[in-house]
Amino acid sequence: MKYLITLVGMLALFSCSNKNQFTLDGNIKGVTKDKIVLGTFQGRDMLGIDTVDVLNGKFRFEIESLPTSTYALRLLKKNVSMSAILENGNITLNADIKDAERGYIQQIEMIGGKNQELITRFHNMKFEILRHERYANATEIVAKIKKTKDHDEFIELNKKLQALAPNLEEEVKTAQLKLIRDNLDQYFVSQIFWVVQKITTAEEVKEIYDLLPAESQKNERVVNVMNDIRIKESIQPGKPAPDFTLKTPEGEDLSLIDLRGKIVLVDFWASWCKPCRASFPHMKELYGKYHAKGFEILGVTNDSNHKAWKKAIKDDELPWLNVADEFPTEGPVRTAKVITSYGMDYLPSTVLIDKQGIIIAKLLHGEELDKKLEELFGL
């Protein structure tokens, strides 16, 4: 991690035009003496704006003007970070060093700052709704959900909560969308725009996008969501499947177009994906049944560890073609190229393609895949 602390040009930019003062008073329990950096991220590097001392957990930043944005706070000696939306005004931050996991404190308390309050409310909307009197019978379960750190217990408790409140998820989504629509001019909307895509239809996402200020529409997170929607709309039955060329385990190039004339199932998977590998025995049956009749499977791994990928192919005795997806070498987030170009959000994912390279269907598994192949091959 790089810290570029003395950035005169940036500080000059921050101090021009808007004269509303920014102050941040912090208290981090468990920290006796340290230094804390306030900054932004540029790629994988932290771009420092200011550094102050932390004494007995307390620190204070004072800046003439701070643009509303997402900022990082990093304790230098402890090598621990936090992040929050900050803006002009008086803001108080409370945290506890014992809550740090893998060098990051996720649970922080922020008082002041409209956008951080909005994003916190957005993410805690379920618990806000559960405070209503009609959910009094779920109080005990909700209290346990908030306290548990055990994944299996968390899943079981949520199943019980769903039984008591079957309409809760829809209520939460409705309330979250209302919060967004009531605050379209606020910065926080761009930061949770990727969540909007998951809780409503593409049409409503586009409708909300059209209502955003021009500055928010240019935000990288918003742009990424709109690009993903565009890609998903292009990966539909009847559309051409995007061609790609990737490396086989032997290091040779293999292109999707090389398989024209065959019915091809593109299977996105990874060696670490248990559901992916659990599907292979059934896929082997289908491959054995239809391969001689013109059916091919092309596995596209999401593994960046090619040793693990090749071992999985050998251990699971995969008889079909396999290639490894590529990852960009630049940028803070490394996403696989081909699976991104196909708009797939999870593994395993599949795309069934006809002999002319046109998409027949996507996300087919199990019985649905059986029925479609029976239909195609007339068996």
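Look a little higher up for the structure.
Overview of the structure. (Residues numbered from 1 in each chain as written. Predicted model: local features only at pLDDT ≥ 70, side-chain atom pairs only at ≥ 80, totals over all residues. Heavy atoms only, no water.)

1. Topic: the side chain of Asn158
Structurally, Asn158 can be placed in helix 5 (residues 151-164). Only 2.9 Å separates the side chain of Asn158 from the backbone oxygen of Phe154, close enough to count as a polar contact. Those residues in contact with Asn158, other than ones at most four positions away along the chain, are Lys126 and Ile145. (Helix = DSSP H or I, 4+ residues; strand = E, 2+ residues; numbered from the N terminus. Polar contact = N/O pair within 3.5 Å; in protein donor to acceptor, adjacent residues only side chain to side chain. Contact = heavy atoms within 4.5 Å.)

2. A word on helix 11 (residues 220-234)
Taking 1.5 Å of rise per residue, the 15 residues of helix 11 would be expected to cover 21 Å, and the 21 Å separating its terminal C-alpha atoms lies within 8% of that figure. Taken residue by residue, helix 11 has Val222, Val225, Met226, Asp228, Ile229, Ile231 and Lys232 as its buried positions. Along its buried surface, helix 11 packs onto helix 7 (188-191), helix 8 (193-199), helix 9 (202-211), helix 10 (214-217), helix 15 (337-341) and strand 15 (359-362). Here helix 11 starts with a cap whose side-chain oxygen sits 2.9 Å from the backbone nitrogen of Arg221, and that cap is Asn219. (Expected span 1.5 Å × (residues − 1). Buried < 20%, exposed > 50% of the residue type's maximum accessible area, 1.4 Å probe, protein only.)

3. What about the environment of Phe244?
The residue Phe244 is located in the loop between helix 11 and strand 9 (245-247) in this model. As a C-alpha pair, Phe244 and Ile229 span 15 residues in sequence and 20 Å in three-dimensional space. For Phe244, the residues in contact, after removing those within four places along its chain, are Leu254, Ser255, Leu256, Leu298, Val300, Val338 and Tyr342.

4. Section: the packing of aromatic side chains
A full pass over the atoms with the stated rule returns nine aromatic pairs. Centre to centre, the rings of Phe280 and Trp320 are 5.8 Å apart; their planes meet at 70°, and the pair counts as edge-to-face. Of this pair, Phe280 sits in helix 13 (residues 280-290) while Trp320 sits in the loop between helix 14 (306-315) and strand 13 (321-324), placing them 40 residues apart in sequence. No difference in accessibility class separates Phe280 from Trp320, as the two residues are buried. On the numbers, 6.4 Å between centres and 85° between planes, the contact of Tyr290 with Phe295 is edge-to-face. A relative accessible area of 1% places Tyr290 in the buried class. Pairwise contacts between aromatic rings join Trp269, Phe280, Tyr287 and Trp320 into one cluster. (Phe/Tyr/Trp six-rings, centres within 6.5 Å; stacked < 30°, edge-to-face > 60°.)

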